[in-house]
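What follows is each chain in one-letter form.
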Amino acid sequence: QVRLVESGGGLVQAGGSLRLSCAASESIFSFNFMGWYRQAPGKQRELVARISASGVTYHADSVKGRFTISRDNTKKTVYLQMNSLKSEDTAVYSCNAQKINIRVKDFWGQGTQVTVSS
């Protein structure tokens, strides 16, 4: 059974930085994609960033230039470095892993709260 364990959330002032970590229970190469989603109160969940098994990254326009997704294959961990945080980045951030075969299978972490105070 796949497990994703997130850490690194918390309270930070606007302009500050946080790094989120997502540790997987198996090799991250077993997933086609790993990424971070977020959901703010009253809003839909949105994709923030993701990285493919081959290392291709995607960042949402709202975080481009401020957030960076990366991975450490030996630690089976994906990171989200968040710089220049804004109050609108406040949300629950969840790690996602996808396996794509005949169908898409999604795995989720428990979520971690990020609160940016202005």
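Refer to the preceding data block for the structure.
Just so it is clear, the structure is predicted and the values come from calculations on it, not from any experiment. (Residues numbered from 1 in each chain as written. Predicted model: local features only at pLDDT ≥ 70, side-chain atom pairs only at ≥ 80, totals over all residues. Heavy atoms only, no water.)

**Some points on the overall build of the protein**
Link 1 in the chain: Scanning the protein from N- to C-terminus turns up 0 helices and 11 strands.
Link 2 in the chain: Since a compact globule built from 118 residues should have a radius of gyration of about 13 Å, the 14 Å found for the protein is in line with a globular shape.
Link 3 in the chain: Looking at the protein as a whole, 42% of its 118 residues qualify as buried.
Link 4 in the chain: Of the contacts formed within the protein by residues at least 6 apart in sequence, a portion of 53% connects residues at least 24 apart.
Link 5 in the chain: Surface exposure of the protein reaches about 6,500 Å², of which carbon and sulfur atoms provide 47%.
Link 6 in the chain: Charged side chains of the protein number 15 positive and 8 negative; the gap between the two group centres comes to 4 Å. (Helix = DSSP H or I, 4+ residues; strand = E, 2+ residues; numbered from the N terminus. Rg over C-alpha atoms; globule rule 2.2 N^0.38 Å. Buried < 20%, exposed > 50% of the residue type's maximum accessible area, 1.4 Å probe, protein only. Contact = heavy atoms within 4.5 Å. Areas by Shrake-Rupley, 256 points an atom, 1.4 Å probe, with all protein chains shown as cover. Lys, Arg positive; Asp, Glu negative; His and termini not counted. Charge placed at Lys NZ, Arg CZ, Asp CG, Glu CD.)

**Here we look at the packing of aromatic side chains**
Link 1 in the chain: Scanning all chains against the criterion turns up 2 aromatic pairs.
Link 2 in the chain: Between Y37 and W108, the aromatic rings sit 5.1 Å apart at their centres with planes inclined by 65 degrees, giving edge-to-face as the arrangement. Of this pair, Y37 sits in strand β4 (residues 33-39) while W108 is found in strand β10 (residues 104-108), placing the two residues 71 residues apart along the sequence.
Link 3 in the chain: With relative accessibility at 17%, the residue Y37 sits in the buried group.
Link 4 in the chain: Against the face of Y37 rests R45, its NZ or CZ located 5.8 Å from the ring centre.
Link 5 in the chain: Over the face of the ring belonging to W108 we find R45, whose NZ or CZ atom lies 4.0 Å from the ring centre. (Phe/Tyr/Trp six-rings, centres within 6.5 Å; stacked < 30°, edge-to-face > 60°. Lys NZ or Arg CZ within 6 Å of the ring centre and 35° of its normal.)

**Comments concerning the pairing of strand β11 (residues 112-117)**
Link 1 in the chain: Side chains T112, V114 and V116 of β11 all project onto a buried face; the interleaved residues Q113, T115 and S117 project onto a face where none is buried.
Link 2 in the chain: Sheet topology places strand β2 (residues 10-13) next to β11; 4 bridges connect them, and they run parallel. Bridge assignment links G10 to a residue of β11, and that residue is V114.
Link 3 in the chain: Of the strand pairs in this sheet, strand β9 (residues 91-100) and β11 are connected by 3 bridges, and their pairing is antiparallel. (Pairing = 2+ DSSP bridges.)

**Observations concerning the pattern of salt bridges**
Link 1 in the chain: Under the defined criterion, the tally for this structure stands at 5 salt bridges.
Link 2 in the chain: Residue K99 pairs with E26 through a salt bridge whose shortest N-O separation is 2.8 Å. Of the two residues, K99 sits in strand β9 while E26 sits in the loop between β3 (18-24) and β4, which places them 73 residues apart along the sequence.
Link 3 in the chain: By relative accessible area, which is 26% here, K99 ends up partly exposed. (Salt bridge = Lys/Arg side-chain N within 4 Å of Asp/Glu carboxyl O.)

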